[in-house]
Amino acid sequence: MQVIEDLESNVRSYSRSFPSIFSRARGSIMLTDDGRKIIDFLSGAGALNYGHNNHRIRAALTEYLASDAVIHGLDMATPAKLEFMKTFSSVILKERDLQYRFQFTGPTGANAIEAALKLSRKVTGRQNIISFTHGYHGMSLGAIAASGSRFYRTASGVSLSGTTFMPYDGYLGSALDTADYLRTILLDESSGIDYPAAILVETVQGEGGINVARREWLQSVQAIAKAVGALFIVDDIQMGCGRTGEFFSFEFAALSPDIVVLSKSLSGYGLPLSMLLIKEEFDAWRPGEHTGTFRGNNLALVSAAAALDIYWRCRTFSRGVECMGSLMRRRLEAIASQHGNVFAVRGRGMVLGFDCRTTEIAETTTRKAFEKGLIIERCGPVDQVVKFLPALTIDSDTLNQGLEIFEEALTETLKQTKLAVS
Ligand SMILES: *Cc1c(COP(=O)(O)O)cnc(C)c1O
């Protein structure tokens, strides 16, 4: 750790929250070099939906590596790429009656978001993007401009333009439907808000505090986008690939986004891979107009195809996620009710947030949890929400052990902290 303190930039973050050296990992367990076994409820911020070093997926990777197949080929055609596209198309799209073109972008989610925003602006000839309070879309300037966090926005050092923020579902309390407000503003010829090129939304805000949008709200926002000639973009980077139960987080609302942004768990193995799904009529790119050296990383395409093949050919996996998700939810709700329901539990599928209401309670709880053997992260505007993001493949014993540790850590924290709730 001294090497890190001496040599790595001050910007480092997770090595501060989890100050150990992690040498091995398998499934939902990480091993430290001093022999501790730690349960992982962070899962690479959602990049490891199928767990660490998933051996079924790894078999495809090792075979590919040993065969001298092409690892880097820019965006040239390779059997790995063809196989991935065929598999995604048949296993995911055809099964859901969806039709999209694929755009492989640079490896990060932010890169894919940039491409989605750029394409929307190109298609519509408009500049403005509507995004939502507490939204998070990545660290490049276009993506930060669409993200709420003042902390990140301030760090950009330039003015962030081209976006208008609207209140997310529930932002103004349950009595006010913020989709009505959005509609009023956009249909009013004198509201002061420019017609948007796109409306960009997360169905559950991951970094923003596990805020869950209702089905009706999402449907209204999609209809409003259509009514004003804007593209409707779902950022499914963190909530996609099964996190909420179904492959896409918007299936429950029967949405039909014009662009879907995927990254994080798309490769199935924690390898970088990002992709846009674009409705054919909006595929207005000229060849090479949005490019990048690391597009459609072949190794990641191999693991991505393997993950689809192993987990998504039938409904069993989805049902398992829903089942484990409700197990988690019941347990967290029981914990909340033991403490007089001052804490809220929110989420869908296997992404749940336990809102501790204060930064201090959440911070102390997650620190104690790590000391007891659980990696768990915080989110929300002041990092007051403990975020449960276990691998979708976790077994119920490990899940229960992790929840047990959280409960102990919370109880100890509350013994020593005075809850000062506003
Ligand atoms: C992580 C994330 C991003 C950014 O992805 P990076 O790979 O970190 O650039 C964008 N949107 C959402 C919803 C995310 O969770």
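Reading the values: rules and limits
- Residues numbered from 1 in each chain as written.
- Predicted model: local features only at pLDDT ≥ 70, side-chain atom pairs only at ≥ 80, totals over all residues.
- Heavy atoms only, no water.
- Domains from an automatic or database assignment.
- Contact = heavy atoms within 4.5 Å.
- Buried area = accessible area lost by both parts, 1.4 Å probe.
- Salt bridge = Lys/Arg side-chain N within 4 Å of Asp/Glu carboxyl O.
- Polar contact = N/O pair within 3.5 Å; in protein donor to acceptor, adjacent residues only side chain to side chain.
- Helix = DSSP H or I, 4+ residues; strand = E, 2+ residues; numbered from the N terminus.
- Pairing = 2+ DSSP bridges.
- Axes fitted to C-alpha atoms, helices over the stretch in contact; angles between N-to-C directions.
- Parallel < 35°, antiparallel > 145°, perpendicular 65-115°, else oblique.
- Left-handed = near helix turned anticlockwise from the far one by under 90°.
- Nonpolar A, V, L, I, M, F, W, Y, C, P; charged D, E, K, R; others polar.
- Near = heavy atom within 4 Å.
- Areas by Shrake-Rupley, 256 points an atom, 1.4 Å probe, with all protein chains shown as cover.
- Phe/Tyr/Trp six-rings, centres within 6.5 Å; stacked < 30°, edge-to-face > 60°.
- Buried < 20%, exposed > 50% of the residue type's maximum accessible area, 1.4 Å probe, protein only.
- Core = buried A, V, L, I, M, F, W, Y, C linked by side-chain atoms within 4.5 Å.

Colleague: How should the domain arrangement of the chain be read in this particular structure?
Modeller: As a measure of interface size, the accessible area lost when the parts come together is often cited. Domains assigned within the chain are domain 1 (2–54 + 315–417) and domain 2 (57–311). Relative to domain 2, the C-alpha centre of domain 1 lies at a distance of 25 Å. Between domain 1 and domain 2, the residue contacts involve 32 residues of the former and 30 residues of the latter. With both sides pooled, the region where domain 1 packs onto domain 2 buries about 2,600 Å², and carbon together with sulfur makes up 51% of that total. By the criterion of area lost to domain 2, the three top residues of domain 1 are Tyr50, Asn54 and Arg348, representing 30% of everything that side buries. At the surface where domain 1 touches domain 2, the tally comes to 1 salt bridge. In this structure, the salt-bridge partner of glutamate 207 is lysine 387, at a minimum N-O distance of 2.9 Å. Inspection of the domain 1/domain 2 interface yields 20 residue pairs in polar contact (both at pLDDT 80 or more). Only α3 (43–46), α12 (316–338), β13 (344–348), β14 (351–355) and β17 (385–388) provide two or more residues apiece to the side of domain 1 that touches domain 2.

Colleague: Please explain the sheet that holds strand β1 (residues 22–26) as it appears in this structure.
Modeller: Sheets are built from strands paired through backbone hydrogen bonds, the pairs being either parallel or antiparallel. Judged by pairing direction, the sheet is mixed, and its 4 strands sit side by side in the order β1-β2-β3-β15 without closing on themselves. At either end of the open sheet lies a strand with only one pairing partner, and these are β1 and β15 (374–375). Judged from the 2 bridges that link them, strand β3 (residues 37–40) and β15 form a sheet pairing that is parallel. Among the inter-strand pairings, isoleucine 39 is bridged to a residue of β15, identified as leucine 374.

Colleague: Quick question: what am I supposed to make of the packing of α12 against helix α14 (residues 396–416) here?
Modeller: To characterise two packed helices, one gives the angle between the axes of the helices and the distance between these axes. Where α12 contacts α14, the two axes come as close as 11 Å, and the packing angle between them is 20 degrees. In terms of axis orientation, α12 runs roughly parallel to α14. The handedness of the crossing between α12 and α14 is right-handed. Counting all contacts with α12, which are made through Met324, Leu327, Met328, Arg331, Leu332, Ile335 and Gln338, the residues of α14 involved are Ser396, Leu399, Asn400, Leu403, Glu404, Phe406, Glu407 and Leu410. Class assignment of the residues belonging to the contact of α12 with α14 gives a composition of 9 nonpolar, 3 polar and 3 charged.

Colleague: How should the site of the ligand be read in this particular structure?
Modeller: Taken together, Thr108, Gly109, Ala110, Tyr136, His137, Gly138, Glu202, Asp235, Ile237, Gln238 and Lys264 make up all the residues around the ligand. Between an oxygen atom of the ligand and a side-chain N or O atom of glutamine 238, the distance comes to 2.7 Å. In this structure, lysine 264 approaches the ligand through a side-chain N or O atom, which is 2.7 Å from an oxygen atom. Look at the ligand: alone it shows 380 Å² of surface, and the protein chains cover 83% of it. Looking at the shell around the ligand residue by residue, the classes come out as 3 nonpolar, 5 polar and 3 charged.

Colleague: Explanation requested: the packing of aromatic side chains in the structure shown.
Modeller: This structure, assessed with the given rule, holds 26 aromatic pairs. A connected cluster of aromatic rings, assembled from ring pairs, spans Tyr50, Phe84, Phe88, Phe102, Phe104, Phe247, Phe248, Phe250, Tyr311, Trp312 and Phe317.

Colleague: Would you explain the packing of helix α5 (residues 79–93) against helix α11 (residues 298–311) in this entry?
Modeller: Two elements in contact, α5 and α11, have axes whose closest approach is 9 Å; the angle formed by their N-to-C orientations is 30 degrees. Between α5 and α11, the angle is such that the two are roughly parallel. The way α5 lies across α11 gives a crossing that is left-handed. When α5 is examined against α11, the residues Ala80, Lys81, Phe84, Thr87, Phe88, Val91 and Ile92 are found in contact with a partner set consisting of Asn298, Leu301, Val302, Ala304, Ala305, Leu308 and Asp309.

Colleague: Quick question: what am I supposed to make of the sheet that holds strand β16 (residues 377–379) here?
Modeller: Read across the open sheet, the 4 strands follow the order β13-β14-β17-β16; overall the sheet is antiparallel. Each end of this open sheet is capped by a strand with a single partner; those strands are β13 and β16. Ignoring which end each strand starts from, the neighbouring axes of this sheet average 30 degrees apart. With 3 bridges joining them, β16 and β17 adopt antiparallel strand pairing. If you follow cysteine 379 over to β17, its bridge partner there is valine 385.

Colleague: Which parts of the structure should I look at to understand the pairing of β17?
Modeller: For a regular strand, side-chain orientation follows a simple rule: the groups alternate between the two sheet faces. Neither face of β17 is left uncovered, since the one carrying Val385 and Lys387 and the one carrying Val386 and Phe388 both have all their residues buried. Two elements, β14 and β17, share 4 bridges in a ladder whose sense is antiparallel. Looking at the pairing, leucine 352 lines up with phenylalanine 388 of β17. Linkage of β16 to β17, two consecutive antiparallel strands, is achieved through a turn of 5 residues, within which glycine 380 is found at a positive phi near 100 degrees.

Colleague: What is the right way to read the nonpolar core from this model?
Modeller: Across soluble globular proteins, nonpolar side chains have a tendency to be buried as a group. If you look at the biggest cluster of nonpolar residues, it comprises 89 residues, and the most contacted ones within it are Phe84, Phe88, Phe248, Phe354 and Phe388. No other element matches α11, which puts 10 residues into this core. The residues that make up this core include at least three from each of domain 1 (2–54 + 315–417) and domain 2 (57–311). Residues in contact with phenylalanine 354, not counting those within four places in the same chain, are Leu332, Ile335, Ala336, Phe343, Ala344, Val345, Gln384, Val385, Val386, Phe388, Phe406 and Leu410.

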